[in-house]
Amino acid sequence: MLFILVLAALWGLWEGYRWLWIHESWTWPFVVNDTTMPHLSDIFAALWGSASPGGVGPRLITVLVKGALFTAKEAAAGFAIGALVGFALGVVLAQFRLLQRGLLPWVVASQTVPILVVAPMVVVWANPKLPDGLKDWGAVALIAAYLTFFPVTVNTIRGLNSADRRAIELMRSYAAGNWRILWKLRFPAALPYIFAALKVGATASVVGALIGELPSSIPNGLGAQIINFSQYYSTEPRGLWATNLIAAALGISFFLVIVIVEKLVVRRAPENLV
Amino acid sequence: MTDRATVVEINGVSKKFGQTTALQGIELEIAEREFVSLIGPSGCGKSTLLRIIGDLIEPSAGTVVVNGKSARQARRDRDYGIVFQDPVLYDWRTVAKNVALPLEVARWPRQKRNERVRKMLELVELQGFESHRPWQLSGGMQQRVSIARALSFDPALLLMDEPFGALDEMTRERLNMELLKIWEASGSTIVFVTHSIAEAVFLSTRVVVMSPRPGRISELIPIDLQQPRTGTTREEPHFFELVTRVREALHLGHDLERAAPAAREATA
């Protein structure tokens, strides 16, 4: 219900802005017309129109959903790899303080390298080594994983250290060793933090997959459609906007999957949820 | 008391945190089935002493022997049940699973575990709350879960650090009675840290009065009230006499602290 209200408000905001700027002929920050801000209804209508300018061929939405599914495969694989690697790295760094002090700055540094620079390198390095079934899209998954692992690592460390000090003392009084404390106390205590990171990672993996598709020039994903429609933007702006909508929907559905899993897995006092 | 086995033997224990001396020259013996309360003003090191007995921190000097073993070995043998002021229950576990936690760590088989959990919840009168989550219980009930958990693996020694300090007076008095019943039923030895003079006198067989800066034992007061303690124990004249004795011992410790070091030596 709330979702629909917000959606309606956003729709109204878009159309209201459009109308006001056109009516007053304002040019700052940009001129508003059918090219810069098409009617939302036109964008949705375009989804049911033909994908190619000539008016023949499959509907745009069919083409975009197909692309989205391909991108989703890359993003999901990347998300899984990134989440696992990120979690494992977080556990190791949390258990060994010296490693944490030595390695964490490099983990941070890895994220300051622009993904647009890393992406083509990963494609060039990884693609020749990948077996046929993984070619191209496997390399893109690696790029998505690269964006996913970082928040997971950082929040895993933070979460594992969030366990109550006295709870750890109690575990020691039960003669529990470090690994049992990790599994029985620190890991469950970290779950809300880990899920917060997985939500960030889920949307980041979609962005990573889209960016990864550009240098590898994979024709099947949404990335190729973005390139394609941005070239035609001045004559047919609705195509790029429609692609945008589908890409956003993909990111949102990734996010929602994590939210649902969290609801099933994490049982906390309402005030202790992150 | 002499005919009972010694459970805890503290020899010349001192503890320094940086420049601060938290404890100095602690000597104390606790016999089997004793209920010993440590009482004193904030900063007298009573919680520190409790943590040293439980091998949660190490003393800077001196030794602690528990059941004829080092404190470290006693902890590894699961001789300690610990209860803090906060119940420290796991949010993500049900009441029953919280009580079962130490048993899981000790790798008890499931059936034995369930049986024991049922018995412990009976002991603290929480039958029917097995599948509740901790946050659905009142503070007093949470603390009872915490006690059930501490006793679940039948530790020889129960260490309690102001377990009822956060509860209201009514709940506290009721839990005092329950604790005494549990103490009797379980046959364990209890070391109990408290701020409350009345609580210490009511519960204990012996009260250890401590004074601060540096933390030390200023007096040992045996509590010879009749066992078992009842609802009317708090109304006996002898109860008030003992409360007065403990209060005076506490004030003496305070005065000592304020007096010049020379005067302290003179009184000693």
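Residues numbered from 1 in each chain as written. Chains lettered and ligands numbered in written order. Predicted model: local features only at pLDDT ≥ 70, side-chain atom pairs only at ≥ 80, totals over all residues.

So, the overall build of chain B
So, point 1. Each helix and strand in chain B was counted, giving nine helices and ten strands.
So, point 2. Taken over the C-alpha trace, chain B has a radius of gyration of 19 Å; the compact-globule value for 268 residues is 18 Å, and the two agree within 12%.
So, point 3. For the C-alpha atoms alone, the extent of chain B along its principal axes is close to 60 × 40 × 40 Å.
So, point 4. Among the 268 residues that make up chain B, the fraction classed as buried is 43%.
So, point 5. Looking at chain B alone, contacts between residues at least 24 apart form 71% of all its contacts between residues at least 6 apart. (Helix = DSSP H or I, 4+ residues; strand = E, 2+ residues; numbered from the N terminus. Rg over C-alpha atoms; globule rule 2.2 N^0.38 Å. Buried ≥ 20, exposed ≤ 12 C-beta atoms within 10 Å, placed from the backbone. Contact = placed C-beta atoms within 7 Å.)

Some points on helix 7 (residues 165-173) of chain A
Helical geometry: 3.6 residues make up each α-helical turn, so side chains three or four residues apart lie on a common side.
Residues and elements named next belong to chain A.
So, point 1. When we look at burial in helix 7, the residues that qualify are Ala167, Leu170, Met171 and Ser173. Viewed along the axis of helix 7, the buried residues span an arc of 160 degrees, placing them on a single side of the element.
So, point 2. Positive phi appears at alanine 175, one or two residues downstream of helix 7, with a value of about 60 degrees. (Arc of directions from axis to C-beta.)

A few points about the domain arrangement of chain B
Residues and elements named next belong to chain B.
So, point 1. In terms of domain boundaries, chain B breaks down into domain 1 (6-79 + 157-267) and domain 2 (87-154).
So, point 2. When each unit is reduced to the centre of its C-alpha atoms, the spacing between domain 1 and domain 2 is 26 Å.
So, point 3. Of the residues lining the interface, twelve residues belong to domain 1; the matching set on domain 2 comes to ten residues.
So, point 4. Counting residues per element, the side of domain 1 that touches domain 2 draws most heavily on helix 6 (residues 169-186), at six residues.
So, point 5. In terms of residue class, the side of domain 1 that touches domain 2 is built from eight nonpolar, two polar and two charged. (Domains from an automatic or database assignment. Nonpolar A, V, L, I, M, F, W, Y, C, P; charged D, E, K, R; others polar.)

A few points about the interface of chain B and chain A
So, point 1. Counting residues at the interface gives 17 residues for chain B and 17 residues for chain A.
So, point 2. Residues that form the side of chain B that touches chain A fall into these classes: eleven nonpolar, one polar and five charged.

Remarks on the environment of Val36(B)
Residues and elements named next belong to chain B.
So, point 1. In this fold, valine 36 is placed in strand 3 (residues 35-39).
So, point 2. Taking the C-alpha atoms as reference points, valine 36 and arginine 113, 77 residues apart in sequence, are found 30 Å from one another.
So, point 3. In this structure, valine 36 is in contact with Ile30, Val191, Phe192, Ser204, Arg206 and Val208, ignoring residues within four places of it in sequence.

Description of helix 1 (residues 46-53) of chain B
So, point 1. For helix 1 of chain B, the buried fraction is high: seven of the eight residues fall into the buried class.
So, point 2. Three or more residues of helix 1 of chain B are buried, namely Lys46(B), Thr48(B), Leu49(B), Leu50(B), Arg51(B), Ile52(B) and Ile53(B).

Here we look at the domain arrangement of chain A
So, point 1. Domain boundaries assigned for chain A yield domain 1 (1-37) and domain 2 (49-272).
So, point 2. A separation of 32 Å is found between the C-alpha centroids of domain 1 of chain A and domain 2 of chain A.

Structural notes on the nonpolar core
So, point 1. Formed by 140 residues in total, the largest nonpolar core has its most connected members in Ile143(A), Ala144(A), Ile53(B), Val99(B), Leu159(B), Val191(B) and Val246(B).
So, point 2. The dominant element in this core, judged by the number of residues it contributes, is helix 6 (residues 137-160) of chain A, at 16 residues.
So, point 3. Not counting residues up to four positions away in its chain, the partners in contact with Leu159(B) are Leu50(B), Ile53(B), Gly54(B), Tyr80(B), Ile82(B) and Val191(B). (Core = buried A, V, L, I, M, F, W, Y, C linked by C-beta atoms within 7 Å.)

Side note on the sheet that holds strand 8 (residues 189-194) of chain B
Residues and elements named next belong to chain B.
So, point 1. Taken in spatial order, the six strands make up an open sheet running 6-7-8-3-9-10, and their pairing is mixed. Looking along the sheet, the strands with just one partner apiece sit at the ends: strand 6 (80-83) and strand 10 (216-222). The average angle at which neighbouring strand axes cross in this sheet is 15 degrees, direction not considered.
So, point 2. Bridge count between strand 6 and strand 7 (residues 157-161): four bridges; the pairing is parallel. Opposite tyrosine 80, over in strand 7, you have leucine 157 as the bridge partner.
So, point 3. Along the sheet, helix 1 contacts strand 3, strand 7, strand 8 and strand 9 (206-211); its crossing angle with strand 8, the most-contacted strand, is approximately 150 degrees. (Pairing = 2+ DSSP bridges. Axes fitted to C-alpha atoms, helices over the stretch in contact; angles between N-to-C directions.)

Digging into the confidence of the model for chain A
So, point 1. Here chain A averages 91 in pLDDT, and 97% of its residues register 70 or above.
So, point 2. Averaged pLDDT values for the elements of chain A fall to 87 in helix 5 (residues 115-126) of chain A and rise to 95 in helix 3 (residues 60-95) of chain A. (pLDDT = per-residue confidence, 0-100.)

Quick word on the sheet that holds strand 5 (residues 69-70) of chain B
Residues and elements named next belong to chain B.
So, point 1. Read from one edge of the open sheet, four strands run 2-1-4-5, paired in antiparallel fashion. The two strands at the open ends of the sheet, each matched to only one other strand, are strand 2 (20-31) and strand 5.
So, point 2. Pairing analysis gives eight bridges linking strand 1 (residues 6-17) to strand 2, with the strands arranged antiparallel. Residue pairing for strand 2: glutamate 9 is matched across the bridge by glutamate 29.

Overview of unusual backbone geometry
So, point 1. Cis peptide bonds are those with omega within 30 degrees of zero, and the linkage from Trp28(A) to Pro29(A) qualifies with 0 degrees.
So, point 2. Take Pro29(A): it is sitting in the loop between helix 1 (2-24) and helix 2 (40-48).
So, point 3. With an omega dihedral of -10 degrees, the bond running from Gln227(B) to Pro228(B) counts as a cis peptide bond.
So, point 4. With respect to the helices and strands, the residue Pro228(B) is situated in the loop between strand 10 and helix 8 (237-258).
So, point 5. For Arg33(B), which is not glycine, the phi torsion reads 65 degrees and is therefore positive.
So, point 6. Along the chain, the position of Arg33(B) falls in the loop between strand 2 and strand 3.

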